[in-house]
Amino acid sequence: MLNIEGLERLDRNVPVVMLNLMRFHVRSRDGDGSGWDAYLRYSAVTVPMIKARGGTLLWTGEAKAIALGPHAGNAWDFVALVYYPTVAAFLDMMTSEAYEREADPHRVSACAEHVIIATSEAYSKFKTK
């Protein structure tokens, strides 16, 4: 489901912040705990992969309530903002054999739905370096 075509239309050499929206399974698909438990296993594998490519987690948190907009389809459990120094770095990670083998199975086990939106900076108070 990775939108390689859409990402390749972006400038591959500029920084990107990925907005991650996640809805977890009550029970992980692998049967080893909850969806949240599987997500923690995913994070333990993925964070070093992100850092190895010069990226970092900027912010994570629980999604508490829809404040504005349609409620249907927008009941997320967790949100993460992840910085990558380039779009190419994100693509490199997501298409790597290590990600496919070691990380993605935990993501699939954890998430009933996972949407990642590539963003470009218009304004920020975050320091990414």
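Just above sits the structure.
What you see is a predicted model; the values in this text were computed from it and never measured. (Residues numbered from 1 in each chain as written. Predicted model: local features only at pLDDT ≥ 70, side-chain atom pairs only at ≥ 80, totals over all residues. Heavy atoms only, no water.)

A. Fine view of the overall build of the protein chain. A count of helical and extended segments in the protein chain gives four helices and four strands. Secondary structure of the protein chain in N-to-C order comes out as α-β-α-β-β-α-α-β. In terms of overall size, the protein chain behaves like a compact globule, its C-alpha atoms giving a radius of gyration of 15 Å where 129 residues would be expected to give roughly 14 Å. Dimensions of the protein chain along its principal axes, counting C-alpha atoms only, are 40 × 40 × 30 Å. Considering the protein chain as a whole, with its 129 residues, one finds that 36% of them fall into the buried category. Pairs at least 24 apart in sequence give 78% of the contacts found in the protein chain among residues at least 6 apart. Just so you have it, the protein chain exposes about 8,000 Å², and 55% of that area is on carbon and sulfur atoms. Each charge class in the protein chain can be summarised by its mean position, and for the 14 positive and 15 negative side chains these summaries are 6 Å apart. (Helix = DSSP H or I, 4+ residues; strand = E, 2+ residues; numbered from the N terminus. Rg over C-alpha atoms; globule rule 2.2 N^0.38 Å. Buried < 20%, exposed > 50% of the residue type's maximum accessible area, 1.4 Å probe, protein only. Contact = heavy atoms within 4.5 Å. Areas by Shrake-Rupley, 256 points an atom, 1.4 Å probe, with all protein chains shown as cover. Lys, Arg positive; Asp, Glu negative; His and termini not counted. Charge placed at Lys NZ, Arg CZ, Asp CG, Glu CD.)

B. A look at the pattern of salt bridges. The full count for this structure, using the stated rule, is eight salt bridges. Put simply, R41 and D32 hold a salt bridge, and the shortest N to O gap is 3.6 Å. According to the relative accessible area criterion, R41 is partly exposed, its value standing at 22%. E62 is the salt-bridge partner of K64, the closest N and O atoms lying 3.5 Å from each other. Here the two residues K64 and E62 agree in accessibility, since each one is exposed. Counted as one network, the salt bridges with shared partners bring together D30, D32 and R41. (Salt bridge = Lys/Arg side-chain N within 4 Å of Asp/Glu carboxyl O.)

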